[in-house]
Amino acid sequence: MNRQGESHMLRNIHNFFRLLILALFIAAPFMTHAQSLPADPLPSWNDGATKQAILAFVGSATTEGGANYVPVEQRIAVFDNDGTLWAEQPIYFQIAFALDRIKVLAVQHPEWKNQQPYKAILEGDGKAAAANGPEGLLQVLATAHTGMTTEQFNTVVKDWIATAKHPGGRLYREMVYQPQLELIRYLRAKGFKVFIVSGGGVEFMRGFAETLYGIPPEQVIGSSAATAYHVGPDGVPFLMKTDKVEVLNDGPGKVENINRFIGRRPVLAFGNSDGDKEMLEWTDAAKGAHLAVLLHHTDAVREWAYDRASPVGRLDTALDEAAAKHWLVVDMKSDWKTVFPAKQ
């Protein structure tokens, strides 16, 4: 081959690789998208009207040029935590954490053996503990959640979630809902920004939200106690947790805090109790495409069946409003193929 032919061949090779690299850059977002979305993005959901309604909403909201298209920056999805992303019976898991924490701290407080409500907790006497009323519970929560720095509390929560077991035998971290994990992944792959908006303690949830759900701490909104800024003798600043309630994130408070911390009205809201009613109302009032969803606990075999009379996760007025306003109601027993992930 002469020199002119070699030069022509090298130019062709160079152009080929340049086009190949360009094609890869163009295709990369679509390749990632395809890899993150299997043929059925919600395999733990039974095929039926509920699943199809979710798929149809997400499909229409993300179809550019469509009548219901939602720009990426407006794709805000909010989920309650207790009873929506993981179980909540027979008591909220944060209360279980507080009770376990009291038992750990009791080593440093021998006087608790004769002091209520600690005495009842240490003796495993649920009836006596309940007799201390809401004030006793608040005292226990304050004791379990304060008197340490925010970093120390985060470590305590991470250690607890790694090993603590529900009375039913599963680890608490194994009691997340598999169908919801799939839905979160699906929404994220479709450009949604997913937030937790829960009545639970914000720093408690931040201790596991990223590990269990893939939701980073800055996208967790919850109830919180005030923190106090200090500078230690070594000149290192720290935040100390106090027992002063700063934010109560429940009912109307959820909407107020969505506005305060997110600054956009969600286009998808998912809850399971009356405490989520206002959040769903707020989302349902959005202009354009939106979806308000309630999870109805109807499966007494694989989980628990409860609604109007339950002291935990009560679903009463919100269930009536869902029927009146045609919100989507997920029936756990009939809409989910499985509830919890397979044990590892």
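Before reading on, note that the structure itself is shown above.
All values reported here derive from a predicted model rather than from experimental measurement. Numbers given for residues are sequential positions, taken from 1 along each chain in its written order. Predicted model: local features are reported for residues with pLDDT of at least 70 only, side-chain atom pairs are reported and counted for 80 or more only, and whole-chain, interface and lining totals are derived from all residues. Calculation of side-chain values draws on the structure's entire complement of heavy atoms; hydrogens and water are dropped beforehand.

> Got a minute to help me understand the overall build of the protein chain in this structure?
Each helix is a run of H or I in the DSSP string that is no shorter than four residues. Each strand is a run of E no shorter than two, and both are numbered from the N terminus. On a plain count of helices and strands, the protein chain comes out with 14 helices and 7 strands. Of the contacts made within the protein chain by residues no fewer than 6 positions apart, 66% connect residues no fewer than 24 positions apart. Any two residues having at least one pair of non-hydrogen atoms within 4.5 Å are treated as being in contact.

> In this structure, what is going on with the sheet that holds strand β4 (residues 237-247)? I would like to understand it.
Whether parallel or antiparallel, the strands of a sheet pair through hydrogen bonds between backbone atoms. One open sheet accounts for 7 strands, arranged β4-β3-β2-β1-β5-β6-β7; its pairing is mixed. Each end of this open sheet is capped by a strand with a single partner; those strands are β4 and β7 (328-331). Put simply, the sheet's adjacent strands are angled 30° from each other on average, direction ignored. Any two strands are treated as partners once DSSP identifies two or more bridges connecting them. For strand β1 (residues 76-79) and strand β5 (residues 268-271), the ladder comprises 3 bridges, and the chain directions are parallel. For alanine 77, the partnering residue across the bridge sits in β5 and is leucine 268. The axes used here are C-alpha line fits, helices contributing only the stretch in contact, and every angle between their N-to-C directions lies in the interval 0 to 180 degrees. Helix-sheet contacts for helix α12 (residues 277-284) involve β1, β2 (193-201), β5 and β6 (291-296), and the interaxial angle to β5 is about 160°.

> Where do I start with the pairing of β2 in this structure?
Along any regular strand the residues' side chains alternate between the sheet's two faces. Within β2, 7 of the 9 residues are buried, which leaves the element mostly enclosed by the surrounding structure. Two strands pair when backbone bridges link them, and β1 and β2 are joined in this way by 4 bridges, in the parallel orientation. Counted as the bridge partner of phenylalanine 79 is isoleucine 196 from β2. Here β2 runs beside strand β3 (residues 220-231); their pairing, made up of 3 bridges, is parallel. Within β3, the position partnered with isoleucine 196 by the bridge is valine 220. Categorising residues by exposure relies on relative accessible area from a 1.4 Å probe, with only protein chains included: less than 20% of the type maximum marks a residue as buried, more than 50% marks it as exposed, and the intermediate range marks it as partly exposed.

> I would appreciate a short explanation of the nonpolar core in the present structure.
Nonpolar side chains in soluble globular proteins tend to end up buried together. To define a nonpolar core, start from buried Ala, Val, Leu, Ile, Met, Phe, Trp, Tyr and Cys residues and group those joined through side-chain atoms within 4.5 Å. Counting 57 residues, the largest nonpolar core has Phe79 and Tyr213 as its most contacted members. Once you skip the residues sitting within four places of it in the chain, phenylalanine 79 turns out to touch Thr84, Leu85, Gln180, Leu183, Ile184, Leu187, Val194, Phe195, Ile196, Val197, Leu268 and Phe270. With 17 residues, the next largest nonpolar core counts Ile76, Phe195, Met279 and Leu319 among its residues.

> Help me understand helix α6 (residues 133-145) in this model?
Note: α-helices contain 3.6 residues per turn, so residues at a spacing of three or four share the same orientation. When the terminal C-alpha atoms of α6 are compared, their 19 Å separation across 13 residues agrees well with the 18 Å that a helix rising 1.5 Å per residue should span. What α6 keeps buried is the set Gly136, Val140, Thr143, Ala144 and His145. Residues of α6 that are buried sit in contact with α3 (93-105), α4 (118-122), α7 (150-163) and β4. Phi for glycine 147, located one or two positions after α6, is positive at around 75°. Working rule for helices: expected span equals 1.5 Å times residues minus one.

> Hey, could you run me through the packing of α3 against α7 in this one?
Angle between the axes and distance between the axes are the two parameters that describe a pair of packed helices. Their axes nearest at 11 Å, the elements α3 and α7 cross at an angle of 105°. As far as their axial angle goes, α7 and α3 are roughly perpendicular. Each of Phe93, Ala96, Phe97, Asp100 and Arg101 in α3 lies in contact with α7, whose residues at this interface are Phe153, Val156, Val157 and Trp160. Charged residues are taken to be Asp, Glu, Lys and Arg, nonpolar residues to be Ala, Val, Leu, Ile, Met, Phe, Trp, Tyr, Cys and Pro, and polar residues to be all remaining types, Gly included. Split into classes, the residues belonging to the contact of α3 with α7 amount to 7 nonpolar, no polar and 2 charged. Should an angle fall under 35 degrees it is called roughly parallel, over 145 degrees roughly antiparallel, and 65 to 115 degrees roughly perpendicular, with every other angle called oblique.

> Got a minute to help me understand the packing of aromatic side chains in this structure?
We describe a pair of aromatic rings using the distance from one ring centre to the other and the angle between the two ring planes. A pair of aromatic rings is counted whenever rings of Phe, Tyr or Trp (Trp by its six-membered ring) have centres within 6.5 Å, and the orientation is called stacked for planes under 30 degrees apart, edge-to-face for over 60 and tilted otherwise. This model, assessed by the stated rule, comprises 16 aromatic pairs. Measuring from ring centre to ring centre gives 5.9 Å for tyrosine 177 and phenylalanine 340, while their planes differ by 25°; the resulting arrangement is stacked. Linking tyrosine 177 in the loop between α7 and α8 (178-189) with phenylalanine 340 in the segment after α14 (332-335), this pair joins segments that are 163 residues apart in sequence. Aromatic ring contacts, followed pair by pair, group Trp86, Phe93, Phe97, Phe153, Trp160, Tyr172, Phe204, Phe208 and Tyr213 into a single cluster. Any Lys NZ or Arg CZ that is within 6 Å of a ring centre and within 35 degrees of that ring's normal is treated as a charge sitting over the ring. In this structure, lysine 241 is placed above the aromatic ring of phenylalanine 153, and the distance from its NZ or CZ to the ring centre is 4.5 Å. If you follow arginine 265 out to its NZ or CZ, it ends over the ring of tryptophan 282, 3.6 Å from the centre.

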